[in-house]
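# Notes for the structure review
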Amino acid sequence: MKLSGECRRILNRVRVLAAGLLVILLGAVFSPESIPAAADGKFTVVVDPGHGGADGGAVSSDGVTEAGLNLTVSKLLKGELEALGMGVILTREDDNALADGKKADMAARRSIMNRGDVDAVVSIHMNKFTDCSVHGPMAFYMEGSEEGQKLAKTVIDSVTAAIGAPTRLANPADYYVIRESKPVAVLVECGFLSNSEDVKLLQDPAHQKILAKAIAEGVYGYLAGNGLD
């Protein structure tokens, strides 16, 4: 029997919840096979909400934690990517980490990113800096990756245009997620929790929606423009 798209999505959510419960109960070694395949689509994208569990990430001066914002924007991004016809796999769908301890958590994310059916990886984060005047989104690619640079440039150009910010260069880096990803990957810092104006914007549902839509359009623009369709 052929399932409808909605039924497949519901079934996928149930499988993800069941897999996560199994890991918690058994303390088992994480396996990428425990994460279901993305819904049918022209491309498959892994969306990684950074941090989670005991690792809340950056925190603003008034106590806004990065991990929750990452998850909110990532879920919106999932919806925007699916609206563009792409399949999406979230590395986490709730506030919990993927495994106990940072090392195990990151290894679990790596396993999901490096599944054979993945075309691109987008890791969502919030930034923080000692100079509170610094603000706005940034995009990072693995240093030396030509395709990573193309993806990051397409994404940051889309985001800055959508929010009316000055154009920003894509930045080379050596972060774990973009370094360990076999598919082309970008790490998006949506704004600075050290800047009071960014903190307000990053909590605004309308702004979150704009960010997610712009990131999705950038990702699709890269994939469709690189002969993968």
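In short, a report on the structure. (Residues numbered from 1 in each chain as written. Predicted model: local features only at pLDDT ≥ 70, side-chain atom pairs only at ≥ 80, totals over all residues. Heavy atoms only, no water.)

### Notes on the pairing of strand 1 (residues 44–49)
Counting buried positions along strand 1 gives six out of six residues, so the element sits mostly inside the fold. Side chains Thr44, Val46 and Asp48 of strand 1 all project onto a buried face; the interleaved residues Val45, Val47 and Pro49 project onto the opposite face, where all are buried too. Direction of pairing for strand 1 relative to strand 2 (residues 87–90): parallel, over a ladder of four bridges. Looking at strand 2, one finds that valine 45 is bridged to valine 88. In this view, the connection linking strand 1 to its parallel neighbour strand 2 by way of helix 2 (residues 66–83) has right-handed handedness. Sheet topology places strand 1 next to strand 3 (residues 120–127); five bridges connect them, and they run parallel. Counterpart to proline 49 in the pairing with strand 3 is isoleucine 124. (Buried < 20%, exposed > 50% of the residue type's maximum accessible area, 1.4 Å probe, protein only. Helix = DSSP H or I, 4+ residues; strand = E, 2+ residues; numbered from the N terminus. Pairing = 2+ DSSP bridges. Right-handed = clockwise from strand over helix to strand, strands pointing away.)

### Some details on the packing of aromatic side chains
Applying the stated rule across the entire model yields two aromatic pairs. For the ring pair phenylalanine 43 and tyrosine 220, a centre distance of 5.9 Å and an interplane angle of 65° mean the geometry is edge-to-face. Taken together, the residues phenylalanine 43 in the loop between helix 1 (5–26) and strand 1 and tyrosine 220 in helix 7 (residues 205–224) connect sequence positions 177 residues apart. The exposure class assigned to phenylalanine 43 is buried, which follows from its relative accessible area of 1%. Residue class for tyrosine 220 comes out partly exposed when judged on its relative accessible area of 25%. Summarising the aromatic geometry, the rings of phenylalanine 140 and tyrosine 175 are spaced 5.4 Å apart at their centres and angled 75° between planes, so their arrangement reads as edge-to-face. Taken as a pair, phenylalanine 140 in strand 4 (residues 138–142) and tyrosine 175 in the loop between strand 5 (171–173) and helix 5 (176–180) lie far apart in primary sequence, 35 residues in all. Exposure remark for phenylalanine 140: the relative accessible area of 9% places this residue in the buried category. What makes tyrosine 175 partly exposed here is its relative accessible area of 38%. (Phe/Tyr/Trp six-rings, centres within 6.5 Å; stacked < 30°, edge-to-face > 60°.)

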